[in-house]
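# Examination of the molecular architecture
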Amino acid sequence: MEVLMTYGLYALAAVFIVCGVAGTIVPALPGIPMIFIGGWIIAHLDGYVNMGTGTLIFLGVLTALSIAIDWVSQTLGAQKAGATKLGLTGALVGTIVGIPFGLVGIFLFPVIGAFVGEMIGHRDMRKATKVSWATWVGMIAGIAAKVAIAFIMIGTMIVMMVV
């Protein structure tokens, strides 16, 4: 029974990690924190022998960094282009509305939301386009950074468990 429980917890850790990787792209899932939880489960099952406190602190720092990147990337891109509060709000609403539409919604709706928000804010089409483009670039840069962090975390876990 204990062996079955151990394998079940390893499977749970794997589910957290796989869903975490998906969550680096899908904003509805807390991707990097899920990878951290999966790593913590594995460390616990191993008795913190291969993945000790230092490794978990490193993974925790990467998790905190990814959360900061998530908050800043899209907003910073839009703000650099001169977005108004309505443009930023439109990008946020677009992100939320786009989630049920899968990857297309996740990548397209924040841009549309930023554009609509800027147009409502009495901007011209050129300025609204610039802000929506900057929102998209910021979002893609944030996703790329989170994917890189996810692979660094997974690589760290693999190295620590194998060595």
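Calculation criteria
Residues numbered from 1 in each chain as written. Predicted model: local features only at pLDDT ≥ 70, side-chain atom pairs only at ≥ 80, totals over all residues. Heavy atoms only, no water. Buried < 20%, exposed > 50% of the residue type's maximum accessible area, 1.4 Å probe, protein only. Helix = DSSP H or I, 4+ residues; strand = E, 2+ residues; numbered from the N terminus. Contact = heavy atoms within 4.5 Å. Core = buried A, V, L, I, M, F, W, Y, C linked by side-chain atoms within 4.5 Å.

## A look at unusual backbone geometry
Positive phi, close to 60°, is recorded for Tyr48, a residue that is not glycine. Overall, Tyr48 belongs to the partly exposed group, its relative accessible area being 34%.

## Topic: the environment of Val159
Secondary-structure assignment places Val159 in helix H6 (residues 125–162). Through-space distance from the C-alpha of Val159 to that of Ala83 is 43 Å; in sequence the pair is 76 residues apart.

## Quick word on the side chain of Ser66
Inspection of the secondary structure assignment puts Ser66 in helix H3 (residues 53–80). For Ser66, a relative accessible area of 3% gives the class buried. Beyond its immediate stretch of four places on either side in the chain, Ser66 contacts Ile32, Lys146 and Ile149.

## Examining the nonpolar core
Grouped together as the largest cluster of nonpolar side chains are 18 residues, with contacts concentrated most on Ile32, Ile35, Leu59, Ile149, Met153 and Met157. For this core, the secondary-structure elements that each account for two or more residues are helix H1 (2–23), helix H2 (31–45), H3 and H6. Ranked by residues supplied to this core, first place goes to H2 with six residues. The residues touching Met153, leaving out its near neighbours within four places in the chain, are Ile32, Ile35, Phe36, Leu59, Leu62 and Thr63. Judged by nonpolar contacts, the second largest core, of seven residues, contains Ala78, Ala81, Ala114 and Val131.

## Some thoughts on the environment of Met51
Examined against the element boundaries, Met51 turns out to sit in the loop between H2 and H3. Residue Met51 is classed as buried on the basis of its relative accessible area of 0%. Sequence separation between Met51 and Ile69 is 18 residues; the distance between their C-alpha atoms is 25 Å. Once residues within four sequence positions are removed from consideration, Met51 is found in contact with Gly39, Ile42, Ala43, Asp46, Met157, Met160 and Met161.

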